Each structure stands twice: as C-alpha cells, then as structure tokens.
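Chains, contacts and geometry: an overview
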Amino acid sequence: MDIPTDVRVYCTDGYCGRSTRVVLKPKTEEITHLVVKEKDPPHEELLIPVSVVTVTTPDSINLSLTRGELDQQQPFLETEYVKLDIPRYAGGMYSMAGEVYRESEVIPVKRESTPEGELALRRGARVEATDGHVGRVDELLMDSQNDHISHLILREGHLWGQREVSIPVSEIKRIDKDTVYLNIDKREIEALPAAPVHRKAH
C-alpha cells in the first residue's frame, strides 16, 4: 500500500487533514506511521499507525478512524519545558552598573515523538551527500512486494539537470531536522542509475 505525502486525508466521517510525513524503520525500510496535520486549528500534527489506513490513491488517504478518534492520537511534536540559566543585567536603584545575576527561565521546546529507532521523512526534505547539498526528496519509491521504501527520488533540477536520480535507502546515514544525510558523495550519486520507470509516486 502506498502512503503518499502532502495529500488530503479522510476519516470515516469526512475530510480531516493532510499527510506531512511518513515514519520508517531505516534498517528494514518499513513504513510504520504517517503524520497527519489536522485541518482544524490549532492544526496539530498527529502520529498515525499505518494499520488504520484503509485506502490510498496518489491524491488521498482514507483512515478507519473518526475525526474524534483522530484527535486522540499521539502528537507528532511533543512540548518539553526546559529550564535555562540566563545571565541578566540588573538595573535601577537595586544594583550597581554592570552587575550580573542569574535568573532561571523555562522555555518550551518541540521534539518529534517518533518511536525509538525510527525516522520521519517528508517530501521536499533536503538531501546532503558527504561533500555537500545535492537536492531535495521528490518521491519515495516503494517495493511493490512488501510496501517498504526502497529508494529516494531526487527532485528534478538538481546538479544533474532534469535526470531523476534514485538513491537507495541503504545509503541513508541519518535523517535530522528535515535533512537526509547520505553515506555517499556527489560523484557516487552521479554514477547511480536513473530512477526506475515503473514506480509508485508519492
């Protein structure tokens, strides 16, 4: 089953949001979750197991959840409150010029709540070879036998003109903050074959 990104998502009782990412296990290339951004404010992104996906097309995803059940799913971005010690300059009649004291502040930090050992990937993510930037993810190529991601397709208009380049998932070193880091350099990427003709678009 294809899990397209940046498409409309429907619950059993109507349109409920858009898909923003897929979450996969790098070692097996298996998709475990998708991330859905709710259509209603505050437009929270939620982590949805692929087991509730019933039907997909290149333009939409149907879930077996109601919109109320969707609301109960785990947030993709969780807020953590971090206490910082920030130096401040005291002012007014209570201090001498230039005197410094420390004041504790708590700030909210957003963190992805992907399961341990799994990575979130979106269309348009930046791709970095070992020697620099090479393009952005245009599609995720699926293996029709097991529905695992097998390749990343680099967006057209990168270093190699209009030729689409397919990067084996096995060459991904890590994914960090919407950037895919590869184990190979630009010369090795240039030597890769063009993207297969028969592929499932995402």
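Attention in this report is confined to the structure presented alongside it.

So, how was this worked out
Throughout, residues of each chain are indexed from 1 in the direction in which the sequence is written. With the structure being a predicted model, the display of local features is reserved for residues of pLDDT at least 70 and the display and counting of side-chain atom pairs for 80 or more, all residues being used for whole-chain, interface and lining totals. Water and hydrogen atoms were dropped before computing side-chain values, which therefore reflect all heavy atoms in the structure. Strands here are runs of E lasting at least two residues and helices are runs of H or I lasting at least four, both read from the DSSP assignment and numbered beginning at the N terminus. For Phe, Tyr and Trp, rings pair up if their centres lie within 6.5 Å, where Trp contributes its six-membered ring, and each pair is then called stacked (planes under 30 degrees apart), edge-to-face (over 60) or tilted (otherwise). Placement of a positive charge over a ring is assigned whenever Lys NZ or Arg CZ falls within 6 Å of the ring centre and within 35 degrees of the normal to the ring plane. Note on classification: 1.4 Å probe, protein chains only; a residue is buried when its accessible area is under 20% of the maximum for its type, exposed when over 50%, partly exposed between these limits. Pairing between two strands is assigned when DSSP locates at least 2 bridges connecting them. When a carboxyl oxygen of Asp or Glu is within 4 Å of a side-chain nitrogen of Lys or Arg, the pair counts as a salt bridge.

Attention now goes to unusual backbone geometry. Cis geometry is found at the peptide bond from Pro41 to Pro42, where omega equals 5 degrees. Looking at where Pro42 falls in the secondary structure, it is placed in the loop between strand 3 (30-38) and strand 4 (45-49). Unusually for a residue other than glycine, Asp6 sits at a positive phi of about 60 degrees. As for its placement among the helices and strands, Asp6 is situated in the segment before strand 1 (8-11). Phi is positive for His43, which is not a glycine, with a value near 60 degrees. As for its position among the elements, His43 is in the loop between strand 3 and strand 4.

Further remarks concern the packing of aromatic side chains. Evaluation of the coordinates by the stated rule reveals one aromatic pair. Above the ring of Tyr15, the side-chain terminus of Arg8 is found at 3.7 Å from the ring centroid. The lysine or arginine in question, Arg174, covers the ring of Tyr181, its NZ or CZ lying 4.0 Å from the ring centre.

All right, on to the pairing of strand 3 then. Counting buried positions over the nine residues of strand 3 gives seven, a clear majority of the element. As defined by bridge partners, strand 3 adjoins strand 4 across five bridges and the pair is classed as antiparallel. If you follow Lys37 over to strand 4, its bridge partner there is Glu45. Here strand 3 hands over to strand 4 after six residues, with His43 in that stretch at a positive phi of 60 degrees.

Before going further, it helps to spend a moment on the pattern of salt bridges. Taken as a whole and judged by the stated rule, the model has five salt bridges. For Asp13, the salt bridge is made with Arg67, and the minimal N-O distance between the two is 3.7 Å. Remark: Arg67 occurs in helix 1 (residues 67-71) and Asp13 occurs in the loop between strand 1 and strand 2 (14-25); sequence separation between them is 54 residues. A relative accessible area of 36% places Asp13 in the partly exposed class. For Arg67, a relative accessible area of 34% translates into the label partly exposed. Measuring nitrogen to oxygen at the nearest pair gives 2.5 Å for the salt bridge that ties Arg126 to Glu128. Under the relative-accessibility criterion, Arg126 is labelled partly exposed at 31%. Since its relative accessible area comes to 14%, Glu128 is described here as buried.

Function cannot be read off these values alone, since they describe shape.
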